[in-house]
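Here is what each chain is made of, one letter per residue.
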Amino acid sequence: MKPQTASDLDRWAVGWTIRALVLIAFLAAFAVPLGFVPIIAVATEEGETAPQARSEPIIIPLLPSEPTPTGVPATTPVPDVPHVGIIAGHAGSDSGAVCPDGLEEVDVNQEIARRVVALLDQHGWQVDLLDEFDPRLNGYRADALLSIHADSCNVPGKSGFKIARVESSYAPGPESDMVDRISEAYHARTGLEFDPHTITYDMTRYHAFYEIDPSTPAAIIEAGFLLDDREILTERPEVVARGIADGLIYFIEGTPP
Ligand SMILES: [Zn+2]
């Protein structure tokens, strides 16, 4: 139909404009991506030489785009398993305290430490059983480090346990929590009382505190006295170990025993 009036002319123009837009949309949506219509370069990439003949259009091949990730990660994420170190006091070094009948602290410590490691291992944690001067302590990084000792055999009438962190701590908050929670759990499990009066520099300036990575919360426990607490330490080491394991779980997982 040919336009006759101004109104017809408007309709005619609008009609062709819409047709043109539809054609452009079609080209953009299908023809260009499929390669039917070449893209004519109007500018060259930096560093590229300019085309010699401007009259010849440069056809840029349309390469398939990089495959997008489908949501399946390349590596399976490692579950966040707590990692702790347990030092068997004096192991690999010396006897520690010795009782008149020959009972040695190191043997008591090792029995308890071995049981703590087994319990935490069963709990699904990654646990290192360490010697007193274990080379791995140098820069040791973990969620917690606990050294297990027992107290002297020459103090009649003395009973109870004590636990201490390093006296000047890089991370006093976590370490104080560690001390508090192990104390609470250990007392609940063993019935032994916390004895704050005989904490010595041997404990607060314990060598391992200065060897490990400063970000690792660490503490040392004297699990009981070898004389008056001998029965629980040597005949019920599973209870002692359970108390220590409970305390570490309480500290790291926040689950009260
Ligand atoms: Zn000791």
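Structure shown above.
Everything quoted here is computed from the prediction, not taken from an experiment.

K.L.:
Whenever I open this one, the overall build of the chain confuses me. Can you help?
P.N.:
Secondary structure summary: the chain contains six helices and five strands in total. Burial status across the chain gives 33% buried among its 257 residues. Across the chain, contacts joining residues at least 24 apart in sequence account for 75% of those joining residues at least 6 apart.

K.L.:
Whenever I open this one, the nonpolar core confuses me. Can you help?
P.N.:
When a protein is soluble and globular, its nonpolar side chains tend to lie buried together. Ile148, Ile182, Ile244 and Leu248 are the most contacted members of the largest nonpolar core, which totals 57 residues. Of all the elements in the fold, those that place two or more residues in this core are β1 (83-88), α2 (105-122), β2 (126-130), β3 (144-151), β4 (162-165), α3 (172-190), β5 (218-225) and α6 (237-253). For this core, the element with the highest residue contribution is α6, accounting for nine residues. Excluding residues that lie within four positions of it along the chain, isoleucine 182 makes contacts with Ile163, Ala219, Ile221, Ile244, Gly247, Leu248 and Phe251.

K.L.:
Is there a simple way to think about the environment of phenylalanine 225 in this case?
P.N.:
Mapped onto the elements, phenylalanine 225 comes out in strand β5. The spacing of phenylalanine 225 and glycine 157 is 68 residues in sequence and 9.5 Å in space, taken between C-alpha atoms.

K.L.:
Help me understand the environment of alanine 97, please; the structure alone is not making it clear to me.
P.N.:
Note that alanine 97 resides in the loop between β1 and α2. Using a count of 22 C-beta atoms within 10 Å as the deciding quantity, one classes alanine 97 as buried. A C-alpha to C-alpha distance of 9.5 Å links alanine 97 and histidine 149, two positions 52 residues apart in sequence. If we skip the residues at most four places from it in the chain, alanine 97 touches Glu105, Ala150, Ser152, Cys153 and Leu226.

K.L.:
Help me understand unusual backbone geometry, please; the structure alone is not making it clear to me.
P.N.:
Across the chain, the bulk of peptide bonds are trans and the bulk of non-glycine residues have phi less than zero. Phi is positive for histidine 90, which is not a glycine, with a value near 75°. Mapping histidine 90 onto the fold places it in the loop between β1 and α2. According to the C-beta neighbour criterion, histidine 90 is buried, with 24 such atoms within 10 Å.

K.L.:
Would you mind showing me how to read α2 here?
P.N.:
Compared with an ideal rise of 1.5 Å per residue, which puts 18 residues at 26 Å, α2 spans 26 Å between its outermost C-alpha atoms and is within 8% of the ideal. Turning to α2, its buried residues number three or more, namely Glu105, Val106, Val108, Asn109, Gln110, Ile112, Ala113, Arg115, Val116, Val117 and Leu120. Tucked inside the fold, the buried residues of α2 contact β1, β2, β3, β5, α5 (230-235) and α6. Phi turns positive one or two residues past the end of α2, at glycine 124, with a value near 100°.

Cut-off values and rules
- Residues numbered from 1 in each chain as written.
- Predicted model: local features only at pLDDT ≥ 70, side-chain atom pairs only at ≥ 80, totals over all residues.
- Helix = DSSP H or I, 4+ residues; strand = E, 2+ residues; numbered from the N terminus.
- Buried ≥ 20, exposed ≤ 12 C-beta atoms within 10 Å, placed from the backbone.
- Contact = placed C-beta atoms within 7 Å.
- Core = buried A, V, L, I, M, F, W, Y, C linked by C-beta atoms within 7 Å.
- Expected span 1.5 Å × (residues − 1).

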